[in-house]
Amino acid sequence: MRKRLLLLRHGQALHNPRAEARRAAGCSFDEFLHTMKEDDALDADLTPLGRQQAAAACNSVDGGAASLGIELIVASSLSRAIETAALAFPEAAAAGSDRFISLDCLCERSGWLLNAKRRPRDELVSRFPAVGFELLTETDECWTEELEEEAACAQRGYEALLWVARRPESTIAV
């Protein structure tokens, strides 16, 4: 079966502005992380700019997001990723929790920073009722006090791709 994946990164979140500016100016990865730590917030939400970025993400496509024929949206379990997907693909997101699913294994590198720790499942269900959270545990079991090794993050990404590959849908936004 042939699949078409639309990959989208989340819009700017509360912990990003200063760290991104420092990274663009050439700081090291460690300095970048420490700047994010200074602006850290649990499961950081999108900034107003991040919401604008998300809403504009598919505007350049002829016919907008509706023309893409998205059958399934899969987002990480971080609020900024869920909100980005909902704003970028509003028609698909409105289809309901069997067509908009959240997965922990799609989260970025976990640990150390609170912005990489998701809210409890019940809180996510309350905030985003149109999203399916059935595959999540109540608490974030990926997050630890230590920064996750790159290899472990890559393995989670691989598991997410395998999960997507096994889905019956042919056009999936991730």
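A few points on the structure. In this text, all values refer to a predicted model and were calculated from it rather than measured experimentally. (Residues numbered from 1 in each chain as written. Predicted model: local features only at pLDDT ≥ 70, side-chain atom pairs only at ≥ 80, totals over all residues. Heavy atoms only, no water.)

Quick look at the layout of surface pockets
Right, so step 1: Each pocket or cavity is described by its volume, and for the largest pocket that value is around 480 Å³.
Right, so step 2: If you go around the largest pocket, you meet 25 residues; those closest to its centre are L8, R9, S76, L106 and V174.
Right, so step 3: For the lining of the largest pocket, the elements supplying multiple residues, two or more each, are β2 (72-76), α4 (79-88) and α7 (150-165).
Right, so step 4: The element contributing the most residues to the lining of the largest pocket is α7, with five residues. (1 Å grid on protein atoms, 1.4 Å probe; cavity = no way out; pocket = protein on both sides within 12 Å on 5 of 7 lines; lining within 4 Å. Points joined across faces, edges and corners; volume = space filled by probe spheres on them. Helix = DSSP H or I, 4+ residues; strand = E, 2+ residues; numbered from the N terminus.)

Some remarks on the packing of helix α3 (residues 48-56) against α4
When two helices pack together, their arrangement is given by the angle between their axes and by how far apart the axes lie.
Right, so step 1: Two numbers describe how α3 lies on α4: the axes approach to 7 Å, and their chain directions differ by 45°. Considering their axes alone, α3 and α4 lie oblique with respect to each other. As for the relative orientation of α3 and α4, their crossing is right-handed in sense. Contacts between α3 and α4 pair R51, A54 and A55 from the former with E83, T84, L87 and A88 from the latter.
Right, so step 2: Residue composition of the contact of α3 with α4, grouped by class: four nonpolar, one polar and two charged. (Axes fitted to C-alpha atoms, helices over the stretch in contact; angles between N-to-C directions. Parallel < 35°, antiparallel > 145°, perpendicular 65-115°, else oblique. Left-handed = near helix turned anticlockwise from the far one by under 90°. Contact = heavy atoms within 4.5 Å. Nonpolar A, V, L, I, M, F, W, Y, C, P; charged D, E, K, R; others polar.)

Here we look at the environment of R156
Right, so step 1: As for its position among the elements, R156 is in helix α7.
Right, so step 2: In this structure R156 comes out as buried when scored by relative accessible area, which is 9%.
Right, so step 3: Those residues in contact with R156 that sit more than four places away from it in its chain are D104, C105, L106, C107, E108, R109, S110, C142 and E148. (Buried < 20%, exposed > 50% of the residue type's maximum accessible area, 1.4 Å probe, protein only.)

Note that every value here comes from positions in space, so none of it alone points to a role or purpose.
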